[in-house]
Amino acid sequence: MVKSDGCLYLVGTPIGNLEDISLRAIRILKEVDVIACEDTRETLKLLNHLGISKKMISYQKYSENEKKSHLIDLVEAGNKIALVSDAGMPGISDPGEILVREAWVRGVKVEVIPGPSAVISGLVVSGLPSTNFYFHGFLPKGKIKEREEVVNNLKEIRATLIFYITPHSVEKDLQLFLKILGNRNGVIARELTKYYEEVIRGTLEELIEIVKIRTLKGEMVLILEGNQLIPKEMSLEDQYKLYQLMLASGIKSKDVIKTISADYKVSKNKLYEYILEKKEK
Ligand code: SAM
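All figures in this text were calculated on a predicted structure; none of them were measured in a lab.

K.L.:
Break down the site of the ligand for me, citing the residues and quoting the values.
P.N.:
Of all residues adjacent to the ligand, which total 19 residues, the nearest are Asp 94, Ser 117, Ala 118, Tyr 164 and Met 220. Tyr 164 has a polar side-chain atom sitting 2.7 Å from an oxygen atom of the ligand. Within the side chain of Glu 219, a nitrogen or oxygen atom sits 3.3 Å from a nitrogen atom of the ligand. Considering the ligand on its own, with 570 Å² of exposed area, one finds that the protein chains cover 91% of that surface. Listed by contribution, the elements that provide at least two residues to the shell around the ligand are strand E7 (160-165) and strand E10 (220-224). Along the lines of polarity and charge, the residues of the shell around the ligand split into twelve nonpolar, three polar and four charged. Looking at the shell around the ligand, you find at least three residues from each of domain 1 (7-116) and domain 2 (119-224).

Given below as structure tokens:
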């Protein structure tokens, strides 16, 4: 049940080119009472460009939990709040998810105003298969073991893989992918929608050669071909691991089982029974 006239709007903003803001996003940014944003200086640039003057509240990753109640209190009291991030869609490797969950829990209205996102823009410009894809976001910054484990878990995925990478770690990340995933085709989509936009295609080995010679600056998405090799025999435990991974990305259990069975030529029933066994333990 929705409790008031207030609403939390999730507003997509440009990932570089300010012309990419939608008409609806402009209207909502004008109409709301408050804009919750990451870096107020970044959002101010956008608002100045649009000729909008509006109260801003900073809402950063590190303070998401702490500030969520206050923002939802405001919505509950009848205010309209827009959540934006520095660029792209809020909630995609940016603050948002926690606030939206809180809004649903407390029964306040949430609406999305879709806009550009680097993950989708990178995928479609890459030319790699886009029917099925798996977005991972950033690799963990932590220890190499932790990063290796994450990539290892993605090894079997046949869908195209998408990562956010930084100039600072691009060579290190490419080396890690090569070591664990093998020499797959990939694309670095850099500075999309901006003056220095560039799409670099090659195998992982070729991409590594390029980043050794050139210092790639700016914002980048890495798109990698999914696993094209059908393993001779995939164990039930590996099928189960893949099942859990795909489930966590929001696909329905029934569909995950169907996909694994079709992709790896394994029995749907056996996998289903194995999942039940695991649940009983
Ligand atoms: N919420 C954003 C979205 O919807 O895409 C992503 C925010 S995340 C903190 C920032 C990362 O997105 C960058 O480090 C880069 O990997 C990617 N990114 C953002 N803008 C980009 C652009 N114009 N070109 C390529 N990658 C971009």
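K.L.:
Now, about helix H9 (residues 236-248): what can you tell me, with residues and values included?
P.N.:
Spanning 13 residues, H9 covers 18 Å between terminal C-alpha atoms, matching the ideal 18 Å at 1.5 Å per step. Looking only at H9, the buried set comprises Gln 239, Tyr 240, Leu 242, Tyr 243 and Met 246. Buried residues of H9 fall within an arc of 165 degrees about the axis and therefore sit on the same side. Structurally, H9 contributes buried residues whose contacts are with helix H10 (253-264) and helix H11 (268-280). In the stretch just after H9, Gly 250 is the one whose phi turns positive, near 100 degrees.

K.L.:
I'd like a rundown of the domain arrangement of the chain, residues and numbers included.
P.N.:
Here the chain is described as being made up of domain 1 (7-116), domain 2 (119-224) and domain 3 (236-280). Here domain 1 and domain 2 have C-alpha centroids that lie 28 Å from each other. Facing the six residues of domain 1 at the interface are ten residues of domain 2. Carbon and sulfur atoms supply 61% of the area buried between domain 1 and domain 2, which totals about 530 Å² over both sides. The largest contributions to the domain 1 side of the interface with domain 2 come from Ile 15, Ile 92 and Ser 93, which together make up 70% of the buried area. Taken together, the connections running from domain 1 to domain 2 amount to zero salt bridges.

Conventions and cut-offs
- Residues numbered from 1 in each chain as written.
- Predicted model: local features only at pLDDT ≥ 70, side-chain atom pairs only at ≥ 80, totals over all residues.
- Heavy atoms only, no water.
- Near = heavy atom within 4 Å.
- Polar contact = N/O pair within 3.5 Å; in protein donor to acceptor, adjacent residues only side chain to side chain.
- Areas by Shrake-Rupley, 256 points an atom, 1.4 Å probe, with all protein chains shown as cover.
- Helix = DSSP H or I, 4+ residues; strand = E, 2+ residues; numbered from the N terminus.
- Nonpolar A, V, L, I, M, F, W, Y, C, P; charged D, E, K, R; others polar.
- Domains from an automatic or database assignment.
- Expected span 1.5 Å × (residues − 1).
- Buried < 20%, exposed > 50% of the residue type's maximum accessible area, 1.4 Å probe, protein only.
- Arc of directions from axis to C-beta.
- Contact = heavy atoms within 4.5 Å.
- Buried area = accessible area lost by both parts, 1.4 Å probe.
- Salt bridge = Lys/Arg side-chain N within 4 Å of Asp/Glu carboxyl O.

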